[in-house]
Amino acid sequence: GGSPGAPELERVRREYGIDPDEHQRMLAEVRGDSGPLLDLYRGELDEVATLGNAIAAAAGTPDARQSRSVALLGDLCRFRAGQRLQRGLGALAQIHPELEPGPLIRELLSPDRTQRSTAIAEVGSHVDQALAGALKNAVESLWSESQQSVSSEPLRLLAVDASPHIRAIAAHVLSRFDDDQAREVAIHSMDDDNGLVREAAAYALGVRGRLRKELMGKALKDPDDRVRRAAVAAMSPGSSDPQLALARAEAAQTAGAFATLNANARIESLTTLERMALLKSVPLFAQLDPEDLEEASLLAEERGFAPGDDLCVEGEPGDEVFIIIDGALEVWTGDPANKRILGSPKSGSCIGEMAVVDAAPRSATVTASQATRTLVLPADEFRNLIYSRPAVGQAVIDVLVTRLRRVIAERNRK
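Notes on the structure follow. (Residues numbered from 1 in each chain as written. Predicted model: local features only at pLDDT ≥ 70, side-chain atom pairs only at ≥ 80, totals over all residues. Heavy atoms only, no water.)

Let's talk about the side chain of R226
Within the secondary structure, R226 sits in helix 13 (residues 225-235). The exposure class of R226 is buried, given its relative accessible area of 14%. Among the polar contacts made by the side chain of R226, one reaches the side chain of T272 at a distance of 3.4 Å. Setting aside chain neighbours within four positions, we find R226 in contact with G195, L196, E199, T272 and E294. (Helix = DSSP H or I, 4+ residues; strand = E, 2+ residues; numbered from the N terminus. Buried < 20%, exposed > 50% of the residue type's maximum accessible area, 1.4 Å probe, protein only. Polar contact = N/O pair within 3.5 Å; in protein donor to acceptor, adjacent residues only side chain to side chain. Contact = heavy atoms within 4.5 Å.)

Examining the nonpolar core
In a soluble, globular protein the nonpolar side chains are often hidden away together inside. In this structure, L135, L155, L284, F285 and F382 are the most contacted members of the largest nonpolar core, which totals 93 residues. Per-element tally for this core: the top contributor is helix 4 (residues 68-95), with twelve residues. Dropping the residues within four chain positions of it, L155 is found in contact with A54, A57, A58, L73, A170, V173, L174 and F177. C312, V331, I351 and A368 belong to the second-largest nonpolar core, a separate cluster that totals twelve residues. (Core = buried A, V, L, I, M, F, W, Y, C linked by side-chain atoms within 4.5 Å.)

Things to note about the packing of aromatic side chains
Each aromatic ring pair is summarised here by two numbers: the centre-to-centre distance and the angle between the ring planes. Across all of its chains, the model carries one aromatic pair by this definition. Measuring from centroid to centroid gives 6.1 Å for F305 and F322, while their planes differ by 65°, and the two rings are edge-to-face. Of the two residues, F305 is situated in strand 1 (residues 301-305) and F322 in strand 3 (residues 320-326); the sequence distance between them amounts to 17 residues. When its relative accessible area of 10% is taken as the criterion, F305 is described as buried. Cation over ring: R78 sits above W143, and NZ or CZ is 4.2 Å from the ring centre. One Lys or Arg, K339, reaches over the ring of W332 and ends 5.0 Å from the middle of that ring. (Phe/Tyr/Trp six-rings, centres within 6.5 Å; stacked < 30°, edge-to-face > 60°. Lys NZ or Arg CZ within 6 Å of the ring centre and 35° of its normal.)

What about the pairing of strand 3?
For strand 3, the tally of buried residues reaches six of seven residues, placing the bulk of the element in the interior. Relative to strand 8 (residues 372-378), strand 3 runs antiparallel, the two sharing six bridges. From the neighbouring strand, I324 faces strand 8, where its bridge partner is T374. When strand 3 meets strand 6 (residues 350-351), the two strands line up antiparallel, connected through two bridges. Considered in strand 6, the bridge of F322 is made with I351. (Pairing = 2+ DSSP bridges.)

Section: unusual backbone geometry
For D63, which is not glycine, the phi torsion reads 55° and is therefore positive. For D63, the location among the structural elements is in the loop between helix 3 (36-59) and helix 4. D63 gets classed as exposed once you look at its relative accessible area, which sits at 55%.

Examining the pairing of strand 5 (residues 340-343)
Summarising the sheet, strand 4 (residues 329-333) and strand 5 pair through three bridges and their orientation is antiparallel. Paired with T333 across the bridge in strand 5 is R340. Following strand 4, the chain reverses through six residues before pairing antiparallel with strand 5; G334 in that reversal takes a positive phi of roughly 90°.

Re the sheet that holds strand 6
Neighbouring strands of a sheet are bound in pairs by backbone hydrogen bonds; such pairs are parallel or else antiparallel. Strand order across the open sheet formed by four strands is 1-8-3-6, with antiparallel pairing between neighbours. Each having just a single partner strand, strand 1 and strand 6 make up the two edges of the open sheet. Alignment of strand 1 against strand 8, held across five bridges, turns out to be antiparallel. Within strand 8, the residue paired with R303 across the bridge is T374. Its contacts with the sheet put helix 19 (residues 379-388) on strand 3 and strand 8, and the angle it makes with strand 8 is roughly 55°. (Axes fitted to C-alpha atoms, helices over the stretch in contact; angles between N-to-C directions.)

With respect to the pattern of salt bridges
Per the stated rule, a full pass over the model turns up 27 salt bridges. In this structure, E301 and R303 form a salt bridge, with 3.4 Å as the shortest nitrogen-oxygen distance. Overall, R303 belongs to the partly exposed group, its relative accessible area being 26%. Between D326 and R373 there is a salt bridge whose closest N-O contact spans 3.2 Å. Linking D326 in strand 3 with R373 in strand 8, this pair joins segments that are 47 residues apart in sequence. With relative accessibility at 24%, the residue D326 sits in the partly exposed group. (Salt bridge = Lys/Arg side-chain N within 4 Å of Asp/Glu carboxyl O.)

Right under this line is the structure:
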């Protein structure tokens, strides 16, 4: 994983009988315009462009701007593009050691066009115009809003990606297309070796009425419980009866339907991808990588509150984190008859992050001012996730620091 020094190189040369001149000739070949390093760089940029084309195709589907599923596809594709860029720029850095892939990739994936342009210009100052231009085209495709020709092909290409999260979200979003090729990809995904992908495919086929009896039987026998639940939820919304789902599978055909996040569905009936989409919309989880986001989604359970119900009470121990799906809340302190209102969190807000850091008493009371649905994560389990996944802990720290800075700024204004 490191750069060998002169003694190590000399030892290897002697072991394999390679003289210094031959060593330099081979390095020149590897680093040359037709060598494997630049081939790897160009190949990874092609893969980044494939991800960008898929984002554009999904953006042109019905209700895409309001769809959490489409937003999640964009986030997952850009994360995957970061991995591709790491490989590609890592190869380029073997030719140009002055390049530092880490900082460059953060800027290349920034939603800020100026930051992306700065990073591209930095690469362009070390390589020829063609290599820099290929990087620009690939990166900008991740943020393109052009949907001149909407087809399922860009999404179908994702079905062979090595990342199960990419394969899963592709199967999910392909339900927005009516062509036979999209259906065949989803059916093929039912045999994927990853349960997340099979779950997404079963749900996507089910909501379109394409999970016919044979496929439904396969889904109900799947060793992963998520796949079985997704198939039943797709074919029999509001029911948990596998026999009812199987009976409906024979002749089902739902015109115009596609897999999307049902804001009124209970969390237990949502697929893993849909749970991930919900969590991704919350700042506390927005920067998590797909693996961490998936693990956090599996910890969440739904809890509803009627108007007037307290989610937490000032002075009581805090051992849960609440994420607001929909509804309205009031945060207050003091006596109920003379309370001080601190805020009114809305959908997407997170309450109780401090319970993740310590078990100190709640600093305020939070009351539902209308019917409210939440996702609840036990603080102990979420704390364990932080310990095992440093990226999760960093996300918590970032949110808490942002909140602290906001409080300080408000006090300074007063």
